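Chain by chain, the residues:
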Amino acid sequence: MNVQALPMHRYIDHNGSPVDQLPVWADQSTLTGFYRDMVLTRVYDNKAVALQRTGKLGTYPSHVGSEAIGIAVGRALQPNDVFIPYYRDMPAMWARGIAMEKNLQYWGGDERGSNFSFNDKHCRDLPFCVPIATQCTHAVGVAAALKIQGQHHAALVTCGDGATSKGDFLESLNCAGIWNIPLVFVINNNQWAISVPRSIQCGAEKLSDKAKGAGIEGITVDGNDVIAMYDVVLKGLDKARKGKGATLIEAISYRLGDHTTADDASRYRSEDELQQAWQYEPIIRLKQFLINQGWWSESDEEQWLSHCHDVVENAVDNYLSLIPQPPESSFDSLYETPDADLCKQRDSTINKAMRMQGGRHG
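Criteria and cut-off values
Residues numbered from 1 in each chain as written. Predicted model: local features only at pLDDT ≥ 70, side-chain atom pairs only at ≥ 80, totals over all residues. Heavy atoms only, no water. Core = buried A, V, L, I, M, F, W, Y, C linked by side-chain atoms within 4.5 Å. Buried < 20%, exposed > 50% of the residue type's maximum accessible area, 1.4 Å probe, protein only. Helix = DSSP H or I, 4+ residues; strand = E, 2+ residues; numbered from the N terminus. Contact = heavy atoms within 4.5 Å. Expected span 1.5 Å × (residues − 1). Pairing = 2+ DSSP bridges. Right-handed = clockwise from strand over helix to strand, strands pointing away. Axes fitted to C-alpha atoms, helices over the stretch in contact; angles between N-to-C directions. Salt bridge = Lys/Arg side-chain N within 4 Å of Asp/Glu carboxyl O.

Asker: Whenever I open this one, the nonpolar core confuses me. Can you help?
Answerer: For soluble globular proteins, the rule of thumb is that nonpolar side chains tend to be buried together. The biggest cluster of nonpolar side chains holds 68 residues, and the ones touching the most others in it are L156, M229, V233 and L286. Of all the elements, helix α1 (residues 28-53) adds the most residues to this core, at ten residues. Apart from the residues within four sequence positions on either side, L156 is in contact with V73, L77, V82, F83, I84, L183, V184, V186, V233 and L237. L146, V157, F185 and C202 belong to the second-largest nonpolar core, a separate cluster that totals 28 residues.

Asker: Please clarify how helix α11 (residues 298-320) should be interpreted in this entry.
Answerer: Helical periodicity: at 3.6 residues per turn, an α-helix aligns residues three or four positions apart in one direction. A rise of 1.5 Å per residue sets the reference length of α11, with its 23 residues, at 33 Å; its end C-alpha atoms lie 33 Å apart and thus fit the reference within 8%. Residues of α11 that are buried in the fold lie against α1, α4 (100-107) and α10 (282-293).

Asker: Mind showing me how you'd approach the pairing of strand β6 (residues 217-222) here?
Answerer: In summary, the side chains of a regular strand alternate between the two faces of the sheet. Here β6 runs beside strand β7 (residues 247-252); their pairing, made up of six bridges, is parallel. Its bridge partner being in β7, I219 is matched across the sheet by I249. With helix α8 (residues 226-241) bridging β6 and its parallel neighbour β7, the resulting β-α-β unit is right-handed.

Asker: Can you help me understand the sheet that holds strand β3 (residues 183-189) in this one?
Answerer: Within a beta sheet, neighbouring strands are joined by backbone hydrogen bonds and run either parallel or antiparallel to one another. The strand order across the open sheet formed by five strands is β1-β2-β3-β7-β6, and the pairing between neighbours is parallel. Each edge of the open sheet carries a strand with a single partner, namely β1 (82-84) and β6. Strand-to-strand, the axes of this sheet are offset by a mean angle of 20°, without reference to chain direction. Here strand β2 (residues 155-160) runs beside β3; their pairing, made up of six bridges, is parallel. Bridging from a neighbouring strand, L156 pairs with V184 of β3.

Asker: Hey, could you run me through the pattern of salt bridges in this one?
Answerer: Note that side chains of opposite charge can pair when their charged atoms are close. Counted by the stated rule, this structure contains 17 salt bridges. A salt bridge links K212 to D209; the shortest N-O distance between them is 3.9 Å. Among the residues examined, K212 registers a relative accessible area of 66% and is labelled exposed. Note that K242 is salt-bridged to D238, the shortest N-O span being 3.1 Å. For K242, a relative accessible area of 54% puts it in the exposed group. What you see here is one network of salt bridges that share partners, running through R10, D222 and R285.

What is shown is where atoms sit, not what they do.
Take a look at the structure:
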């Protein structure tokens, strides 16, 4: 199935040409800002992969191909909204104001990477969720709490296309519909659930059709068009804040990299398919549109890329200069109140570390 032929919400095509009248908010400042955001997160992504390859970072999930989805989500959310991310969501978290080095800490195995704030301000967002689709159930709880407390804020949860085949996802949709809670689901339909293609994951033409069974609105949007992506997320969040119920947004994209750095996608997909997908990627599309409007130039590009490299290198320096946590810290966030057995294991870890330290200095 040619996913690009599906009926979907879109403002600019893969050549950067308008196919519909742009929304009123889509001015030069906003769209050049989106472009800068996406370029910066791609520069970061390339650096993170390099860090993993050189042993300075753990297994890492690339965001290449989904930058428009992440930036649109991060920019559309308001500070008091609650974001419930899945693991491929660094661009959205960065756009929310969470420092890059926090993402590096997380994938470097440092639990402090999940302790973040918005530029030193309180943050209600949840940390990354690696188990598939379980974050959807968490999002239902968060959104239900917002409604019960009478807060006019929204929750937004993301997942991949593979997660939509899990019971957690479907049960969460059902709860969102019957409870009429302020929740937006965003599916990053990047066509691959690790090595399983979208074509054999689900028999429905569109994953947004799954909203019908829950009695909520379902929308399919071109996830490579940041204008369309931001527009539908804005509307979904506005509807949620006004108490008008949940929305399911399916964003059509393509995973241009491996599933993670532990994967080799060349083993299950063809080079021809990958090269064709690169023609639809989000950054070049928006760049061409901006150039056509006279809003961006190659000089702008050079200056911005230089700035991006400085920002990313500074984040990497901050990450690499952090003093490692002591081994026993791995026990500290498991339970609110640790039981006796856990305390015993923690004490044993401390004693072992002290003996090893003494051996090195003896």
